[in-house]
Amino acid sequence: MGLPFLLKQHQSFLFSLLLGVFISYSITLYSNLSSDCFSTDYYAQPINLVNVQSDEYEPHINLAGKPQKAKKVPQNLIRPRYYSSELGIKEKLFIGILTSEQTVSTLAVALNKTTSHLVNKLMFFMDAAGAEKANVITLKLPGIVGFVDTREILKPFHMLKYLTDNFLEEYDFFFLTRDTSYINAKHLMNIVKKISVSQEVHLGGMSKKDAPTYCTLDGGILLSNNVLKKIQSSLDWCVKNAFSDADDDNVGRCILHASQLPCQSTFQNLNLMSVELTETDKQNVESENLPAAVTYYQVTEPNLFYRLHLHLAKSYLEIQKALIAELKESLDISDLAWPPGSYPPKKPQSRFDLLSWQYFDDKNMYLTSDFINLKPLGGADLLDVYNVKNRSIQWLTQKYVGSIQFRRLVNGYRRFDPSRGLDYILDLAFKDSTGKETIKRVEVTKTLGRVEMLQMPYVTENSRVYMLLPTLEMDKTMASEFMKQYAQTCSQSDLSFLMLVLLYEPNAPGKGHVADVFKDIKELTLKLSSKYHKDCKITWISIRVPDVGGGPPMLDYLLHFAILDLASKKLAPDSLVLMTEPNMEIRTDYLNRVRMSTIYGKQVYSPIPFSEFYPPIAYRNTEKKSVLEIHKNTGRFDLENLRHISFYLADYLEGRKLMTHLPVVSMDKDIRQLYSSQDAGDDKPTNLLDMLTRQGLSIIRAVDPALRLRRRNCMPATPFLRPTQYNPCDSPLATRAQLGQLVLDLTGNKSSSSLRHK
């Protein structure tokens with residue numbers, strides 16, 4: 001009873017088990033048959049391949065034509081040098097003048113003097129034989145093109161051919177005329193600037209002959225760039241159909257055939273008017289009856305060009321004066337900036353952009369920054385203050401003649417606005433005729449001078465930077481981190497070179513000694529150089545600094561001259577040298593800016609670094625991060641730090657020759673002679689930046705957010721302080737708020753501890 005009951009209860013399970021065993025057995029049997037079929041004995045027997053039926057689902061690998069090439073090979077994008085080339089921006093106006101052997105030395109010269117400085121480009125076209133006879137090289141014209149073909153009837157087409165071959169991609173409009181026409185260039189430029197470059201333009205003075213659809217070359221023909229492109233493809237037809245004796249007809253027929261545009265004298269309410277001068281007009285050029293036009297033709301003598309130019313210049317001057325007077329009447333003088341014509345003071349966007357006033361008296365300047373309370377007036381600041389004060393006193397004494405007498409400066413305020421200049425407010429005390437003291441307030445402004453565009457050589461980011469790193473014994477830890485960071489950074493490019501300058505104290509163990517103080521640094525240098533020998537180049541030179549009285553000058557600015565004198569023997573004159581410090585964080589942006597801002601024979605880059613505050617105070621309530629962040633509570637831009645400067649070695653060597661008061665250092669022992677020859681009382685260079693400035697090189701002195709310095713260890717105090725000494729401990733420890741909070745915390749802890757003792 002039990003077994004049948006169990007079988008009945010689990011019959012579905014037993015059926016599934018039997019079915020699974022049967023399927024497993026079938027699969028095993030099929031696989032054995034398949035393996036027998038594909039044995040070596042089976043392949044040894046000849047078979048008929050046609051009768052073998054292949055499985056349609058069996059995968060097949062097609063290796064024909066593999067690997068395949070990409071249909072479209074990607075190309076590197078080469079961007080133009082200038083954005084105007086990439087955007088297709090062209091110059092506005094080109095003027096072509098037809099001249100001859102008889103008039104090139106007279107009329108062409110006069111036309112050049114009155115027109116070339118007002119347009120983008122001016123060129124003259126004539127036959128080559130006539131140019132040689134006239135000796136045009138001595139005329140100093142901007143450009144003369146001579147054609148071998150001397151046929152007068154084809155000269156305009158040679159000019160059109162030259163323009164289409166050379167200047168189609170450079171100018172938007174082309175104006176063609178003869179050297180017997182005076183061009184009112186200002187009026188012509190005003191017309192051209194108001195026409196869109198996409199418009200097809202064929203403008204000029206209308207011919208008075210039987211062909212009213214043609215322009216005359218005497219009055220001038222204005223063609224747009226797209227019309228000249230159409231003429232380019234029709235020049236052969238134009239030459240074949242040049243059957244008229246008049247150039248106007250031949251050129252007009254050519255333009256009309258190519259562009260289907262007849263000549264017009266007016267376009268979009270812009271009138272390109274030309275005037276043929278009569279003998280009466282030539283005699284009365286200065287009269288007011290002369291109509292305003294773009295060109296005046298039939299000018300047969302050079303003096304007439306200058307008379308026309310003078311007359312039109314006076315007319316423009318009167319028009320500008322009238323416009324200025326009208327503008328003055330329409331403006332409210334109280335709302336204008338003072339003095340008239342200057343930029344208004346900058347309006348701050350927030351309280352952080354507010355330009356602060358600096359207070360001064362006759363001797364000192366107060367609170368020039370957050371870290372300086374008092375700074376003595378000296379140098380250019382002192383001369384500027386005295387000049388402003390004396391000019392103010394002179395102006396007031398002339399205004400109140402004989403009634404006041406200057407006594408003293410009460411208050412002085414100064415503010416520098418980068419967009420305006422220097423503003424002064426002076427409170428001056430005078431004694432009036434009754435003997436009482438009266439105070440006069442004067443506002444003085446020294447506006448910025450005229451801004452000039454200086455031509456500078458083209459520089460790229462492909463220059464190798466040779467970094468010189470002066471290293472002291474106390475900087476070994478920072479120098480090791482600097483080298484490791486440099487090895488990781490410079491492995492990406494081959495544009496930098498690091499040279500450590502190991503500065504030994506007089507009695508420190510040196511090379512070959514078991515206790516060499518820089519032994520670890522040298523071993524790390526060799527290890528990194530062997531690991532990154534293709535990309536990262538690191539070397540060192542050793543300098544033993546002697547005692548020059550009062551201790552060795554380990555952080556003295558004069559020592560930079562000794563370092564460069566010794567390092568220059570190992571570097572080429574065209575090397576881009578960067579002086580740096582071991583506490584610097586290496587950033588690619590900073591090195592690229594050094595390459596772009598340092599120009600051989602022209603410019604030196606001296607960035608202002610962001611220096612970290614004393615970490616125990618700056619990070620007292622926060623966590624110190626691995627990367628130094630620019631924040632008012634972490635550091636400040638150190639204006640006194642001149643130890644970061646980049647220049648070309650040839651510029652240094654050139655300036656070093658002029659420093660006769662400092663002997664050239666050829667070995668370590670010469671450093672003592674370098675300091676014995678230095679006279680701090682003389683007005684002579686005492687640091688690299690000062691020397692390069694006096695050499696006539698431009699100096700870029702500005703803050704660089706990518707140049708960040710960690711807090712450096714302090715040098716032991718020395719009894720003798722040199723004027724050229726640099727001490728990193730002279731920089732502020734923290735902000736005033738942080739120092740004040742530290743004092744409050746310390747005094748609070750002392751008071752609470754005293755209470756507990758009581």
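Below: a short report on this structure. Every value quoted in this text rests on a predicted model; they were computed, and no experiment measured them. (Residues numbered from 1 in each chain as written. Predicted model: local features only at pLDDT ≥ 70, side-chain atom pairs only at ≥ 80, totals over all residues. Heavy atoms only, no water.)

## Remarks on the packing of aromatic side chains
With the rule as written, the count across this model stands at 19 aromatic pairs. Considering the side-chain rings of Tyr 504 and Phe 518, the 4.9 Å spacing of their centres and the 85° angle between planes classify their relative orientation as edge-to-face. Here Tyr 504 is found in strand E19 (residues 496-504), whereas its partner Phe 518 is found in the loop between E19 and helix H16 (519-531), with 14 residues between them in sequence. Taken individually, Tyr 504 and Phe 518 each receive the classification buried, so the pair is uniform in this respect. Three or more aromatic residues joined by ring pairs form one cluster here, namely Phe 94, Phe 125, Phe 147, Tyr 162, Phe 167, Tyr 171 and Phe 174. (Phe/Tyr/Trp six-rings, centres within 6.5 Å; stacked < 30°, edge-to-face > 60°. Helix = DSSP H or I, 4+ residues; strand = E, 2+ residues; numbered from the N terminus. Buried < 20%, exposed > 50% of the residue type's maximum accessible area, 1.4 Å probe, protein only.)

## Here's the deal with empty space enclosed by the protein
Throughout the structure, instances matching the rule amount to one cavity of 30 Å³ or more. A volume near 110 Å³ is recorded for the largest cavity. Lining of the largest cavity is provided by 13 residues; of these, Asn 583, Ser 611, Arg 710, Tyr 726 and Pro 728 occupy positions nearest its centre. Each residue belonging to the lining of the largest cavity can be placed in one class, and the counts come to three nonpolar, four polar and six charged. (1 Å grid on protein atoms, 1.4 Å probe; cavity = no way out; pocket = protein on both sides within 12 Å on 5 of 7 lines; lining within 4 Å. Points joined across faces, edges and corners; volume = space filled by probe spheres on them. Nonpolar A, V, L, I, M, F, W, Y, C, P; charged D, E, K, R; others polar.)

## A word on a nonpolar patch on the surface
Taken together, Phe 15, Leu 19, Phe 22 and Ile 23 make up a surface patch of nonpolar side chains, about 440 Å² in accessible area. Its location among the elements puts Leu 19 in helix H2 (residues 11-37). (Patch = residues over 30% accessible without salt bridge, like charges linked within 9 Å, V, L, I, M, F, W, Y side chains within 5 Å. Areas by Shrake-Rupley, 256 points an atom, 1.4 Å probe, with all protein chains shown as cover. Salt bridge = Lys/Arg side-chain N within 4 Å of Asp/Glu carboxyl O.)

## Details of the sheet that holds strand E24 (residues 635-637)
Spatially, three strands are ordered E24-E23-E27 in an open sheet, and the strand pairing comes out mixed. The open sheet has two edge strands, E24 and strand E27 (703-709), and neither has a second partner. Taken over all neighbouring pairs, the strand axes of this sheet differ in orientation by 25° on average, direction set aside. Pairing geometry for strand E23 (residues 608-612) and E24, over three bridges, is antiparallel. Residue pairing in the sheet places Glu 612 in a bridge with Gly 635 of E24. (Pairing = 2+ DSSP bridges. Axes fitted to C-alpha atoms, helices over the stretch in contact; angles between N-to-C directions.)

## Section: the state of the cysteines
Applying the stated criterion to the full structure yields two disulfides. Shown here is the disulfide that connects Cys 215 with Cys 263, its sulfur atoms set 1.7 Å apart. In this structure, the disulfide formed by Cys 215 and Cys 263 twists by about 95° around the S-S bond and is classed as right-handed. With Cys 215 in the loop between strand E6 (202-204) and strand E7 (221-224) and Cys 263 in the loop between helix H11 (247-259) and strand E8 (266-267), this residue pair connects regions lying 48 residues apart in the sequence. Overall, Cys 215 belongs to the buried group, its relative accessible area being 1%. Note on cysteine connectivity: Cys 238 is disulfide-linked to Cys 254, with sulfurs 2.0 Å apart. Measuring handedness by torsion sign, the sulfur bridge of Cys 238 and Cys 254 sits at about 75° and is right-handed. (Disulfide = S-S within 2.5 Å.)

Note that all results are geometric; they support no functional claim without further evidence.
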